[in-house]
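Observations on the three-dimensional arrangement
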Amino acid sequence: MLCGLAVVWGAFLLGGVSSRVVTVSPGPLIRVEGQPVSIRCDVSEYGGPREQDFEWMMSREAGGQRMKIISTFDAGYSHPSLSKRVASGDISVQRLRDNEVELKVAEATAQDAGFYWCQTPSTDSVISGNYEAQVQLTVIPNSLQVAPQAPPPVVPEGSDLTLTCSVTRELVHPTYLSVTWSLKRGATSEEVLTFGPQGDVTVGPKFARRYADGSIRLVPGRNGVFDLVIYRVTSSDEGVYECNGTEWTHERGGRWVRIVQSTKEMGTVSVTPTGRSLSVKASSSSSSSSALLVAPGNTLTLLCSVAADNLPVLALEVTWLADGRDIITMERSGVVAPNASWSGGPGGRGQASLERTGAGEYRLGVRGVAGEDGGAYACRVRAFIEKGGRSAGGGGRWHMAAEKTSSPVTVKVAQIQPNFTLTLEPITTPQATAEPTELACHVTNITRLPPGGHLGVSWGYSPLPAAGTGDDRHTSHTVASLDGRGNLLAGAEYADRLGSGVLSLTRVPPDTFKLRFLHTQEVDMGRYVCVVSAWTPSSGGDLVKTTELQSPPQTVQWQVKRPSLNVLATPLRDTPVGGATFEMSCSVDTENLEEAGYSVLVQSQDGVEGSVRTIMTLSPDGVLQPGGATDPSRRDNLVLTKSGPAEFRFRLGGVQLGDRGFYWCDITAWTRPTGGHTWTRAAGAESNKLRLHFQENGPAFSIAIQSDTSSVYPHETAKMECSLSASGSPPKTDSRSGFITFTRSRGFC
C-alpha cells in the first residue's frame, strides 16, 4: 500500500515538471565558401537559472566523431584544431538572449561542412526533454559570376537605353539567382528593377510608374543574360549604372536566404538634352539671303528646317511667326491650325498654309501677299517626347523637351507708292489772344494714287522752346486727324474743343486740308505740321496706309498783351446819421481784355489795421451770396447788383455804429472760350476805399395811439394800438429796450 502511494506521488512529480526543448536553425543549410555562416540555437521549457549556457560540436560525417567547437562558459572547450580560429574570432558565439545564442563563422571553408550539435548543460531538477539539437551544413564553392556589358556613354534624350547583365553560377545544389539594376547619382543609389529569385519582378519607387506604363521592360535572355530596356530616356536617367547578382537558398519554413552576392559597375551614362542638338533654320526657297522681296499679289514661300540627334523620337509642334505674332501652327498630331485673326483677316493679309514636306522639313505659303504681310518671319519649334502610358484624358503622356526659334527672315513687299507734295501756309494769323487761327495744308502733284485710293491728314503740334534756352525738345502730340476712311479723331487734349466747334478740321476740294481755331489761346502758340497719308485698297478690299509725308513746321505766335484792371469806388449818397442808407458804385476799366465775366467781393474793415471782412460776393455766373461776416438778421438790408457792363452797386440800409469803417470792391475778370464751361482767371484788382462815418446823438421817439371804436358798452371789447417810432440808432442792435404803460384816467398811453 505504501509502495503504491510512492508510485503515484512520483508520477505526480513527473507530470508537473516541464520538458526542456533545444532547437537550432532548420536545415539542411547551404552556404557558400568564403561567406559568413550563422546558426542559431535556443532552449525553452527549462528549469534553473534564467541564463543558460551552450556548447557547440560538429562532425564531418553523420556518424563520425564529434569535435568540440566553442562553449559559452568554458574558454578551453575548443578542439585544438579549432582553437586558433576561435582565438582569432573567425569562429565565435554571440549571446542573443538569456536562452538564445548564435554560432558565427566569419568565412566558411569546405572543411566546415558537416553536422552541428547545440547542447545545453542541465539545470533542471529533473532531467526531461531534449538537451541537444542537430543541423546539417553544406558548403559549396563560390561560382557566382556577374558580367555586365558597358552601356553607351552618351545617349540622346528620348532614345532607348539597353542595360545587359549576365548572372550565372554552377548548379551543384538547389540554389536560385536574382539580378538587380541600380542607378547611382552622387552618393545616392536607387534600385531600378530586381528579377528573382522566385521569378518575380520588384521595381524601385521612382521607376514604378514607368514600369507600369511599359517605359521600362525586362527582357530575359539565355544562359543567364538579362536585358533591362529603358525607353525614351530623360535627363533623370543619367548616372552610374550597377548590376548586382545574388545567389539564394530556400530553407524549410519558406525563408529565402541570400548566401552570396556580387555587384559590378556597368558604366556611366550621360543623356544629351534635346535642346543641345536641336537646331531650327528659316529660309526662302528662292533666296539664300536673310531678306526677301515679294511683289504684291504673289505667293510667299518660306522653309523651316529642323535637325536634332534624336529627331526620329521627337514629336514636333511648328509655328510660323511674323513680327512675333503667331501666323499658323502645325500641332504634333499633324493638325494645322491657322490664326484666324491674322490669315486673311482685316488689313489685307494673305492666306497662310503650312505643310510637312519631309523629315524635319516644313513649308509656309502665303498666297496673295499685300503690304501688311511684310515683316520678320521666324519658325518656332517645340519638341515633345512621349513618356508612355495614358494621361487622364485617355491620350499619351508627353514631355516638352526643348523649344527653339529660328533667326528671322525679313520679308519686304514691294509697293508702288503714291507720291505728292505738301505746302503748309497760314490763312488767318492771330495778333492777340482769342483771335482766330486758320492753317491750310495743300496737297499737289499727286501721282500713282490708284483708283479707290484716298488721302488722310493728321495735324501735329509741339510747344515753342522756352525763352532764352533754345531747347525745343518738347513732346509733340496730335491735334486731330482724318484717316483715309473719313474717320475724324481728336487728340486727347483737344476732344472738348473739337466737340464744341471751337476747333474744326475741313477738306476743301480738290486736295486742301484746313485746321481752324475759333478763339486761339496762349497754350495754342507753337509749331504745327500737317502729315498727309495715302491710303490704297488691298487685295482684301480694305484700305491700307502706304505713304506718309510731313510738311515743314508752321509757327503760330503773337505778342502777348497781359490784361489788367482798374477799379474805382464812388459814393452815391451821403450817410449823415445812423439808420440812413450807405450806397457806393464800383466801375471797372480794362486793358487788353474782351468779353470777360466778373466776380465781385465787397469787403470792409474797421480801421486801416483792422481785419478784413467780406460783406457780399457775386460770381461771374451771377450767383449772389452773403459774406461770412454778415449778420443773418441784416441780410435783407444788403444789396449788390450789376448796374452796367462793367459797373456794380452796393447798398447797406439802416446803418449802425458797428457799420462804420472802410468799404471797397475786390473785382476779378474771368474769360472762357465760346461754348466752354470753365472760367479762366484773367486779372484782378481792388478799388479805392470809401469811409463810412457819421455822428450819433442818440435815438428820438414819437408815440401814436389808435382805437377801433370811440364808445363802448359795458362788457364789450375795445382794441387800441400804440405805435412807437425812433430815429437814430444805438451802438448795437440788441441794446434797444423800453416799456409802454396804458392809463385809463386820461386816455393816453
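Residues numbered from 1 in each chain as written. Predicted model: local features only at pLDDT ≥ 70, side-chain atom pairs only at ≥ 80, totals over all residues. Heavy atoms only, no water.

1. Overview of the packing of aromatic side chains
Applying the stated criterion to the full structure yields seven aromatic pairs. Ring centres of Phe195 and Phe226 lie 5.6 Å apart, and the angle between their planes is 55 degrees; on these two criteria the pair is classed as tilted. On the criterion of sequence distance, the pair formed by Phe195 in strand 14 (residues 188–195) and Phe226 in strand 17 (residues 225–230) is long-range, its members being 31 residues apart. What makes Phe226 buried here is its relative accessible area of 14%. Aromatic pair Tyr598 and Phe648: ring centres 6.3 Å apart, planes at 75 degrees, arrangement edge-to-face. With Tyr598 in strand 43 (residues 597–605) and Phe648 in strand 47 (residues 647–652), this pair connects stretches of sequence that are 50 residues apart. A relative accessible area of 10% means that Tyr598 is categorised as buried. Through a chain of ring-to-ring contacts, three or more aromatic side chains come together here, namely Tyr461, Phe517 and Tyr528. The ring of Trp117 has Arg66 sitting right over it, with the charged end atom 4.0 Å from the ring centre. It is Arg332 that lies over the ring of Phe384; its NZ or CZ is 4.8 Å from the centre. (Phe/Tyr/Trp six-rings, centres within 6.5 Å; stacked < 30°, edge-to-face > 60°. Helix = DSSP H or I, 4+ residues; strand = E, 2+ residues; numbered from the N terminus. Buried < 20%, exposed > 50% of the residue type's maximum accessible area, 1.4 Å probe, protein only. Lys NZ or Arg CZ within 6 Å of the ring centre and 35° of its normal.)

2. Observations concerning the side chain of Asn244
In this structure, Asn244 sits in strand 18 (residues 239–251). One polar contact links Asn244 to Thr246, side chain to side chain, over a distance of 2.8 Å. Within the structure, Asn244 has its side chain in polar contact with the side chain of Thr263 (distance 2.6 Å). (Polar contact = N/O pair within 3.5 Å; in protein donor to acceptor, adjacent residues only side chain to side chain.)

3. Comments concerning the confidence of the model for the protein chain
Model confidence for the protein chain is summarised by a mean pLDDT of 85, while 88% of its residues fall at 70 or above. This model gives residues 1–16 a pLDDT under 50, and the stretch forms one contact once residues within four places in sequence are excluded. (pLDDT = per-residue confidence, 0-100. Contact = heavy atoms within 4.5 Å.)

4. A look at the sheet that holds strand 36 (residues 503–508)
Taken together, the four strands give an open sheet; going across it, the order is 31-32-37-36, and neighbouring strands pair in antiparallel fashion. On the outer flanks of this sheet lie strand 31 (419–428) and strand 36, each paired with one strand and no other. Across the sheet, the axes of successive neighbouring strands diverge by a mean angle of 15 degrees, strand direction being ignored. (Pairing = 2+ DSSP bridges. Axes fitted to C-alpha atoms, helices over the stretch in contact; angles between N-to-C directions.)

5. Some details on unusual backbone geometry
Cis geometry is found at the peptide bond from Gly196 to Pro197, where omega equals 5 degrees. As for its position among the elements, Pro197 is in the loop between strand 14 and strand 15 (201–203). Each neighbour pair has its own omega, and for Pro509 with Pro510 the value is 5 degrees, a cis peptide bond. In this structure, Pro510 sits in the loop between strand 36 and strand 37 (512–517). Backbone geometry places Asn223, a non-glycine residue, at a positive phi of 55 degrees. Residue placement: Asn223 occurs in the loop between strand 16 (216–220) and strand 17. The class of Asn223 is exposed, set by a relative accessible area of 70%. If you check the backbone angles, Arg232 has positive phi at about 50 degrees while not being a glycine. Inspection of the secondary structure puts Arg232 in the loop between strand 17 and strand 18. For Arg232, a relative accessible area of 24% translates into the label partly exposed.

6. Quick notes on the pattern of salt bridges
Overall, the coordinates contain 28 salt bridges when judged by the stated rule. Note that Arg85 and Asp90 form a salt bridge whose closest N and O atoms lie 2.8 Å from each other. The pair formed by Arg85 and Asp90 is uniform in burial state, with each residue classed as buried. A salt bridge links Glu190 to Lys206; its shortest N-O distance comes to 2.7 Å. One end of the pair, Glu190, is in strand 14; the other, Lys206, is in the loop between strand 15 and helix 3 (208–212), and 16 residues separate them in sequence. (Salt bridge = Lys/Arg side-chain N within 4 Å of Asp/Glu carboxyl O.)

7. Some details on the environment of Phe420
Looking at where Phe420 falls in the secondary structure, it is placed in strand 31. A C-alpha to C-alpha distance of 9.0 Å links Phe420 and Arg448, two positions 28 residues apart in sequence. When neighbours within four sequence positions are excluded, Phe420 is seen to be in contact with Val443, Thr444, Asn445, Ile446, Leu455, Val532, Ala534, Thr547 and Leu549.

8. Some remarks on the sheet that holds strand 1 (residues 21–24)
Strand order in the open sheet formed by four strands is 1-3-7-6, and the pairing between neighbours is antiparallel. Two strands lie at the open edges of the sheet, namely strand 1 and strand 6 (91–97), each paired on one side alone. Averaged over all pairs of adjacent strands, the angle between strand axes in this sheet comes to 20 degrees, irrespective of strand direction. In this structure, strand 1 lies alongside strand 3 (residues 37–44), joined through four bridges in antiparallel fashion. When the bridges of strand 3 are listed, Val21 appears paired with Ser44.

9. Observations regarding the environment of Met67
Topologically, Met67 is positioned in strand 5 (residues 67–71). Residue Met67 is classed as buried on the basis of its relative accessible area, which comes to 10%. With eleven residues separating them along the chain, Met67 and Trp56 place their C-alpha atoms 8.7 Å apart. Setting aside its immediate chain neighbours within four residues, Met67 contacts Trp56, Met57, Met58, Arg60, His79, Ser81 and Leu82.

10. Focus on the pairing of strand 36
Taken together, the six bridges between strand 36 and strand 37 define a ladder with antiparallel strand orientation. Note that in strand 37 the partner of Ser504 across the bridge is Arg516. Between strand 36 and strand 37, which pair antiparallel one after the other, the connecting turn spans three residues.

11. Details of the nonpolar core
Counting 33 residues, the largest nonpolar core has Leu300, Leu302, Cys304, Trp320 and Tyr377 as its most contacted members. No other element matches the five residues that strand 28 (residues 375–390) contributes to this core. (Core = buried A, V, L, I, M, F, W, Y, C linked by side-chain atoms within 4.5 Å.)

12. Observations regarding the side chain of Ser78
Here Ser78 shows up in the loop between strand 5 and helix 2 (80–88). Polar contacts involving the side chain of Ser78 include one to the main-chain carbonyl oxygen of Ile69, which spans 2.6 Å. Apart from residues lying up to four places away in sequence, Ser78 is in contact with Lys68, Ile69, Ile70, Ser83 and Val86.

13. Comments concerning the state of the cysteines
For the structure on display, the rule yields five disulfides. Between Cys165 and Cys243 runs a disulfide, and the two sulfur atoms are separated by 1.8 Å. The chirality of the disulfide connecting Cys165 with Cys243 is left-handed, given an S-S dihedral of about -90 degrees. Of the two residues, Cys165 is situated in strand 12 (residues 161–168) and Cys243 in strand 18; the sequence distance between them amounts to 78 residues. Residue classification places Cys165 among the buried residues on the basis of a relative accessible area of 0%. (Disulfide = S-S within 2.5 Å.)

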